[in-house]
Amino acid sequence: MTDFELKVYKLTEEIPKGMVTTYGEIARAIGNKGLARAVGNALHKNPYEGIVPCHRVVSSSGHMAKNFGFGGPLLQQDMLRKEGVEVINLRVDLKKYLYIYKTVE
């Protein structure tokens, strides 16, 4: 596992229940907002299922991950709804639910 992947998993663990963040926001928090796709790749192979809540990470438009690695976008939607996040047409209102990291590493 790379240092980058460990940072992604650590930041993903910080997302509070009932909130979401984006791949780009995690990349920005790591220090390079251009690494959003790399964040997605790291989360797709998350070895800490059940510990690292990758279901709380959505696209920059608020949409569920098309290839959510642990059961698809409908499962991601269901997991978020169980945490109190309103999901409509597989999309979250980022104005209401977006978690923004306060510090950049």
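For the structure, see preceding data.
Now for a description of the structure that goes with this document.

Thresholds applied
- Residues numbered from 1 in each chain as written.
- Predicted model: local features only at pLDDT ≥ 70, side-chain atom pairs only at ≥ 80, totals over all residues.
- Heavy atoms only, no water.
- Salt bridge = Lys/Arg side-chain N within 4 Å of Asp/Glu carboxyl O.
- Helix = DSSP H or I, 4+ residues; strand = E, 2+ residues; numbered from the N terminus.
- Buried < 20%, exposed > 50% of the residue type's maximum accessible area, 1.4 Å probe, protein only.
- Axes fitted to C-alpha atoms, helices over the stretch in contact; angles between N-to-C directions.
- Left-handed = near helix turned anticlockwise from the far one by under 90°.
- Contact = heavy atoms within 4.5 Å.
- Nonpolar A, V, L, I, M, F, W, Y, C, P; charged D, E, K, R; others polar.

1. A look at the pattern of salt bridges
Pairing between side chains of opposite charge can happen when the charged atoms of each approach one another. Per the stated rule, a full pass over the model turns up five salt bridges. Between Lys 7 and Asp 3 there is a salt bridge; the shortest N-O distance is 3.7 Å. Taken together, the positions of Lys 7 and Asp 3, both in helix α1 (residues 3–13) and four residues apart, correspond to about one turn of that helix. For Asp 3, a relative accessible area of 52% gives the class exposed.

2. A look at the packing of α1 against helix α2 (residues 23–30)
Packing of α1 against α2 leaves a shortest axis separation of 10 Å and a crossing angle of 115°. Both α1 and α2 take part in a crossing whose hand is right-handed. Where α1 abuts α2, its residues Phe 4, Lys 7, Val 8, Leu 11 and Thr 12 lie against Ile 26, Ala 29 and Ile 30. Taken together, the residues of the contact of α1 with α2 sort by class into six nonpolar, one polar and one charged.

What is shown is where atoms sit, not what they do.
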